[in-house]
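# Geometric and topological summary
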Amino acid sequence: MKKIIPVLLLFIVCTCKGIAQNEDLLKLVDSDTAQKEYVRNIFKSTRVINAQSIEMLGKGVMDVRILHRFGPISSGASNLFGLDQANMRFGFDYGISDRVSVGVGRSNVGKEFDGFIKLRPVWQATGPGGIPFSLIWVSGATLSTVPAPDDGPKPEFSSRMAYYHEALIGRKFNNRFSFQTGGVFVHRNIVSATAENNTWAIALGARCKLSKRIAFVADYHHIVAGKQPGTYDPLSLGFDIETGGHVFQLHFSNAVGMNEKNFLTNTTDNFWKGEIRFGFNLSRVFTIKKH
Amino acid sequence: MKKVLFTAALFLATVALQAQEKYFTKSGNIKFFSKAPLENIEAVNRSVTCVLDTKTGDIQFAVLMKGFEFVKALMQDHFNENYVESDKFPKGEFKGQIENISSLNITQDGAYPVNVAGQLTMHGITKDVKADGKIIVQNGKVSASSDFAILLSDYDIKIPSLVENNISKTININVNCALETLNK
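Residues numbered from 1 in each chain as written. Chains lettered and ligands numbered in written order. Predicted model: local features only at pLDDT ≥ 70, side-chain atom pairs only at ≥ 80, totals over all residues.

### What to know about the overall build of chain B
Scanning chain B for helices and strands turns up 2 helices and 9 strands. Ordering the α and β elements of chain B from the N terminus gives α-β-β-β-β-α-β-β-β-β-β. When the 184 residues of chain B are sorted by exposure, 27% land in the buried category. Long-range contacts, defined here as pairs at least 24 residues apart, represent 59% of the contacts in chain B between residues at least 6 apart. (Helix = DSSP H or I, 4+ residues; strand = E, 2+ residues; numbered from the N terminus. Buried ≥ 20, exposed ≤ 12 C-beta atoms within 10 Å, placed from the backbone. Contact = placed C-beta atoms within 7 Å.)

### Re the pairing of strand β6 (residues 110–122) of chain B
Residue and element names in this part refer to chain B. Note that strand β5 (residues 91–98) and β6 share 6 bridges and pair antiparallel. Paired with Gln-97 across the two strands is Ala-117, which belongs to β6. Here β6 pairs with strand β7 (residues 125–138) via 13 bridges, running antiparallel. Note that in β7 the partner of Gln-119 across the bridge is Asp-128. The antiparallel pairing of β6 with β7 creates a hairpin that spans 2 residues between the two strands, and His-123 there sits at a positive phi of about 55°. (Pairing = 2+ DSSP bridges.)

### Some points on the sheet that holds strand β10 (residues 198–209) of chain A
All names here are of chain A. Spatially, 12 strands are ordered β2-β3-β4-β5-β7-β8-β9-β10-β11-β12-β13-β14 in a closed barrel, and the strand pairing comes out antiparallel. Going across the sheet, the axis of each strand differs from the next one's by a mean of 20°, ignoring polarity. Of the pairings in the sheet, the one linking strand β2 (residues 61–72) to strand β14 (residues 277–287) comprises 10 bridges and is antiparallel in character. In the sheet register, Asp-63 faces β14, and the bridge partner there is Val-285. (Axes fitted to C-alpha atoms, helices over the stretch in contact; angles between N-to-C directions.)

### Focus on the environment of Val191(A)
All names here are of chain A. With respect to the element layout, Val-191 can be found in the loop between β9 (177–188) and β10. Spatially, the C-alpha atom of Val-191 lies 9.0 Å from that of Gln-228, the residues being 37 residues apart in sequence. In contact with Val-191, not counting residues within four places along its chain, are Glu-196 and Asn-197.

### Some remarks on helix α2 (residues 73–83) of chain B
Every buried residue belonging to α2(B) is among Ala73(B), Leu74(B), Met75(B), His78(B) and Phe79(B), and all of these are buried. For α2(B), the secondary structure elements touched by its buried residues are β2 and β14 of chain A together with β2 (41–53) and β4 (69–70) of chain B. Looking at the residues trailing α2(B), positive phi occurs at Glu85(B), about 50°.

Here is the structure:
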């Protein structure tokens, strides 16, 4: 009998242990190890407004972009504050992978085609081994298709071309605020006698979310060298409005050009003198390749 | 000596019994569907944690919201950012009980219909949920599955009026977990 008691005790201890643990079963298998996680939704769109943003398209996603820049607001009521006059670019961007995109577009401003490749060598991530910022590289070219004058010499193909390269570094600081900066280099094969072929600019861009689907965005380029005479630094302020697969970017800007070469070397209006236009970017994404 | 052996045997039997009564997985599946006139939304999470105690009938699930994979990358971004707010509420959890656990005989192959009642926590809100499911025992392997539906409005997940027709107000959820014995 004496020996049965420890046996019983042991039995009770063993079974009780089983019962006591029933409270939170998940704790038994939980391993809350932090995982590396890439930061998404840094900007709502792949452009801040005019500038490339540090956001990329997902793999297999096509972005159809339709951009409008209207006439100067100061042109008055007879011109419906610029809305009678429209400059536009339409383009297609495609995400080959989460880190590589390509895009082509056509602007009526300067009758230009443009194409670019955009890379994300560094992607901001949280968790172990995560880098706290993103690094973006963009290289592109533009081709002007303005017909040669009847009486002048026919220009070489190469003189219709310009190139740009751009490096951006940026970070999503929190769910509301993202900021980026970087440098842009534009090379035009042919320029007027008083202008320089090479233009250098510092880029600044930011977004601040006002609600889940609306954000305030701003981008600015300061031209540091090779400024085209008679041009100004392009500045744009606007709002991103997101509805499902669409992003509408409504903004005010002194720039007309809708590719890097054009807005950096051809912005002849001065924002601070009120030479501002209304414009919008419409982005609609389609999932081409499902994963 | 006989009694020592008996003690040891009893002890082993208890331990063995304990090891056999809890089952778990960390790679269970949860799928959800929303059927709407304009667009079907579908996502799957393949790293669901599930623990089942066949003795008490306790069953619990945990899932990382960011682990739901959508066919469309943008849908996934919007799901995390605008709807379930995964940064604020990273986890979904269900803690419940199989009400008719006594009908389950884990040593006998078969498909056992079960009624589960418990609390589902998601998007910072906990609600009582009841669901019918099945526990299947086959060659000593245990798996749990269930289909049920929840209302988005119960979890304060708002659909903006502009996309109201794209998203169904009810979401159908399918759970499927193949379990292993938990040795602990």
